[in-house]
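Structural description and commentary
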Amino acid sequence: MEKYNSEFFFNNLIFTLIILVASFLQISLNFLSFFVISQPYILAIVLFLTIRRVNYELSSILIILYGLLYDLITGGLIGIHSLLFLFLKLFTLNLSISNKILKKYGEWFLFSFSYIISLLIMKVIFVIVNFKFPDIYAVMFNIGTTLLLFPVILFLIDVPKIVLKVFVSK
Amino acid sequence: MLFEKSKLYKNKLFNSLLILICLILIFIGKLDLIALRNLSSFLTDFFSPISNFVSKPALELENVIKDVQSATFLRDENIKLKSENRRLKIIETKLANTESELIELKKLLNFKINRNKIIFTGRVLNISGGTFAKTMVINGGSVDGIKKGQPVISSLGLVGSVISVGPSSSRVLLTIDINSMIPSYLTQSGWPAIAQGENGKLLKLRFLSSEAKPIIGEIIETSGHGGVFPSGVNVGKIISMSNGNYYVQPLPNPQKLRFVSIISNSDLENRKKSKGFAPLQENQNKINLKGFNKFSN
């Protein structure tokens, strides 16, 4: 039991650090003139990859807390990122269609599906809460850059594996 | 089988409960509670050095991109600057005459100039430019005399207003944020309007009179109505029109900002000192009308 607890604590600690680094990396992207309208959600990509690739299931309560922390750090509307990340997890793991998409089209399509649906639901909630329509172009730009960045990050994660494979085969 | 079904049902119930908690959180966030605001200020303060450190590679990368771009367009830029310089010299001579006339006229009219004092000039630590909020953090806080609601400007114009203050850092709501509304006026025709952010690149002009005919390229300035922003600060220029809506490009590009100034707003200070926004009239000596004043007392 004690061993299980320490493992759980260690896993979550590492995950928290990864999320914090991803958050600050995402914030820093706004200094680049390329992302003039909106910055891509690196945090969503990292979260998706952790949900998909890590052996243990990530706690939903922890995901809500990360979202809350991100909202408090960035000064956004509290709870909005908690719900976005929660939806991302639910659409990635809990829907029967998610497995079909994953088997038929792969990870990139599943991420696109989960991310677009989650973000659109969040935008609807955002409009209801604020009574104002956000710039559609900025939302589209955000979706586009995030989806384009996904394979890049995926490749960067796989680079050590590829290098190791090359060395092992030699 | 039954056990699996009940587990699935419990799982669904738990997820629905979590969604409900998040929705409650959003509505609590919308209430703008002081405790949450203070917590946000504390966290911003706490994480700002780390955020500043992580942002450095992105800043350096942006500088390299800028250098490469400027080197590529150096020749064209030189020609453009020379022609602009010639044009500015002509304008300068005209302006000098107009300025001296203006000073003289102001003296004659005993016109009181409302000068806004710069409280603090600081460095931009980070800009959060997600699709939900557009804010920036600066390296000055309550220790430096910054207060909530104070306008923030750059050398080009209005940047936004301070929304939360920590001891050593403050958060600024940018003009492009969806919650930002700036009372402004068109500088050429004088029509008032509200420049509203849309969480995008541009501001939308709202409540503009149907009689107003804005010109593309027309400069928008703050009108000073409402007392939050001082009057006469550049907001941006009209760059496009679609479906009867006019769109304004803010003059200071938030991404290119490295330093900003926080100014005092004398209108806001005076408003806070007064008992009400529209004070009641004092009792005046009444005109003695036969038979009427008896009943009113």
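Please read these numbers as outputs of a predicted model, since none were measured by experiment. (Residues numbered from 1 in each chain as written. Chains lettered and ligands numbered in written order. Predicted model: local features only at pLDDT ≥ 70, side-chain atom pairs only at ≥ 80, totals over all residues. Heavy atoms only, no water.)

Thoughts on the sheet that holds strand S1 (residues 118-129) of chain B
All names here are of chain B. One closed barrel accounts for 6 strands, arranged S1-S2-S5-S4-S3-S12; its pairing is antiparallel. Each strand of the sheet is rotated relative to its neighbour by a mean of 45°, with strand direction disregarded. By the bridge criterion, 3 bridges tie strand S3 (residues 151-153) to strand S4 (residues 158-165) in an arrangement that is antiparallel. Bridged to Pro 151 within S4 is Ser 161. Against the sheet, helix H2 (residues 34-72) makes contact with S1, strand S2 (134-138), S4 and strand S5 (170-174), and its axis sits at roughly 75° relative to S1, the strand it touches most. (Pairing = 2+ DSSP bridges. Helix = DSSP H or I, 4+ residues; strand = E, 2+ residues; numbered from the N terminus. Axes fitted to C-alpha atoms, helices over the stretch in contact; angles between N-to-C directions. Contact = heavy atoms within 4.5 Å.)

Here we look at the environment of Asp 45 of chain B
All names here are of chain B. Locating Asp 45 in the fold gives a position in helix H2. Separated by 31 residues in sequence, Asp 45 and Phe 14 have C-alpha atoms that sit 35 Å apart. In this structure Asp 45 touches Gly 166, Pro 167, Ser 168 and Ser 169, once residues within four positions along its chain are discounted. There is a polar contact of 2.5 Å between the side chain of Asp 45 and the side chain of Ser 169. (Polar contact = N/O pair within 3.5 Å; in protein donor to acceptor, adjacent residues only side chain to side chain.)

A short note on the interface of chain B and chain A
Each side of the interface is counted separately: chain B has 48 residues, and chain A has 51 residues. For the chain B and chain A pair, buried surface summed over both sides reaches about 4,500 Å², with 70% attributable to carbon and sulfur atoms. Three residues, Ile 26, Phe 132 and Gln 255 of chain B, lead the burial of chain B against chain A; their summed loss comes to 18% of the area buried on that side. For the interface between chain B and chain A, the tally reads 0 salt bridges. Inspection of the chain B/chain A interface yields 7 residue pairs in polar contact (both at pLDDT 80 or more). For the side of chain B that touches chain A, the elements supplying multiple residues, two or more each, are helix H1 (2-30), H2, S1 and S2 of chain B. For the side of chain B that touches chain A, the element with the most residues is H2 of chain B, which contributes 14 residues. (Buried area = accessible area lost by both parts, 1.4 Å probe. Salt bridge = Lys/Arg side-chain N within 4 Å of Asp/Glu carboxyl O.)

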